[in-house]
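This is what each chain is made of:
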Amino acid sequence: MSKIAPPKTRLRGVVFDMDGTLTVPVIDFAAMYRTVLGEHEYKRIKAENPSGIDILHHIESWSPDKQRNAYQAIADYERQGLDRLQIMPGAAELYGFLDSKKIRRGLITRNVKEAVDLFHQRFGITFSPALSREFRPYKPDPAPLLHICSMWQVQPNEVMMVGDSLKDDVACGKGAGSFTCLLDETGRYSNADFEKLDLKPDFTVSSLTEVYSLLESNFDLTP
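Described in the following lines is the structure provided in the data block.

Analysis parameters
- Along each chain, numbering runs from 1 in the same order as the chain's sequence is written.
- Given that this is a predicted model, residues contribute local features only at a pLDDT of at least 70 and side-chain atom pairs are listed and counted only at 80 or more, while totals for whole chains, interfaces and linings are drawn from all residues.
- Calculated side-chain values reflect all of the structure's heavy atoms, with hydrogen atoms and water omitted.
- At least two DSSP bridges between two strands are needed for those strands to be called paired.
- Numbering of helices and strands starts at the N terminus; helices are DSSP runs of H or I of at least 4 residues and strands are runs of E of at least 2.
- Fitting a line to C-alpha atoms yields each axis, with helices limited to the stretch in contact; the angle taken between N-to-C directions then spans 0 to 180 degrees.
- An angle counts as roughly parallel when it lies under 35 degrees, as roughly antiparallel when it exceeds 145, as roughly perpendicular when it falls between 65 and 115, and as oblique in every other case.
- Take the far helix as your reference; a near helix turned counterclockwise from it by less than a right angle gives a left-handed crossing, and one turned clockwise gives a right-handed crossing.
- A contact between two residues is defined here by any heavy atoms of the two lying within 4.5 Å.
- Each residue gets one label: Ala, Val, Leu, Ile, Met, Phe, Trp, Tyr, Cys and Pro are nonpolar, Asp, Glu, Lys and Arg are charged, and the others, such as Gly, are polar.
- Burial classes: relative accessible area under 20% of the type maximum marks a residue as buried, over 50% as exposed, and values in between as partly exposed (1.4 Å probe, protein chains only).
- Pairs of N or O atoms within 3.5 Å make up the polar contacts considered here, provided that, within protein, one atom can donate a hydrogen while the other can accept it, and that residues adjacent in sequence are counted only when both atoms are side-chain atoms.
- Throughout, right-handed denotes a crossover for which the path from the first strand over the helix to the second runs clockwise when the strands point away from the viewer.

Attention shifts here to the sheet that holds strand 7 (residues 203-205). Spatial strand order, 4-3-2-5-6-7: six strands in an open sheet with parallel pairing. Two strands bound the open sheet, and with one partner strand each, they are strand 4 (130-131) and strand 7. Relative to strand 5 (residues 159-163), strand 2 (residues 13-16) runs parallel, the two being bridged by four bridges. By the bridge assignment for strand 5, V15 is matched with M161.

Here it is in structure tokens:
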């Protein structure tokens, strides 16, 4: 007798990171961290944080003057990134696929609202809600994802968080109780250092084009 397959979980929304997920990574984060932290401090913090440096969290304890200088340096790097903004291959097609299935699309980024607005305008693709750094607390805190679930009136376990950062996107999704998908284009997370971490995504893909089959194979996409 053949076994009856268990019912698939219904998926009602997908929330994306922006930089490095919906857009091609163009910001030199290592250079930005060195500028903000200084070479010695950068190397020390990097050695203690194999999953990546949370620069925004790190500078929160600084004096107001030092914070202002740090935020200005970060803004300069982000502004340079805006000039080179490119959509990630497969993003537009994935947007269309989700639209055809009537699955909601949201966005959470640690970048500024100006960058989100430019993304929407330049590529004619809209994610709603689209929460930028101005929403506090920001990733990896689950608050922005839970806020989106509340606005959509869906449960967190009916939503997937997709992003390229283990420490920000996967941590945010896990904290909210949502499914998580890590976009790892270069295979950096296959490094042995990451195998030791407790934080594991539910799914890992090397491109956005792989998300189609992942969703169809693992979830009920009925509107």
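Take the packing of helix 1 (residues 29-37) against helix 2 (residues 39-48) next. One can describe the packing of helix 1 onto helix 2 by two numbers: an axis separation of 7 Å at closest approach and a directional angle of 120°. Taken together, helix 1 and helix 2 sit at an angle that is classed as oblique. Here the hand of the crossing between helix 1 and helix 2 comes out right-handed. Contacts between helix 1 and helix 2 involve A30, Y33, R34 and L37 on the former and, on the latter, E39, E41, Y42 and I45. Its residues placed into classes, the contact of helix 1 with helix 2 shows five nonpolar, no polar and three charged.

Turning our attention to the side chain of K139. Tracing the sequence through the fold places K139 in the loop between strand 4 and helix 7 (143-152). For K139, a relative accessible area of 1% corresponds to the buried category. Polar contacts involving the side chain of K139 include one to the side chain of D169, which spans 2.6 Å. Once residues lying within four places of it in the same chain are set aside, the contact partners of K139 are D17, I108, T109, R110, P144, M161, D168, D169 and C172.

Counting buried positions over the five residues of strand 3 (residues 104-108) gives four, a clear majority of the element. Sheet analysis places strand 2 next to strand 3, joined by four bridges and oriented parallel. Residue G13 lies in a different strand from strand 3, and its bridge partner there is R104. By the bridge criterion, two bridges tie strand 3 to strand 4 in an arrangement that is parallel. Counterpart to I108 in the pairing with strand 4 is L131. Chirality of the crossover, the property in question, places the unit of strand 3, helix 6 (residues 113-123) and strand 4 among those that are right-handed.

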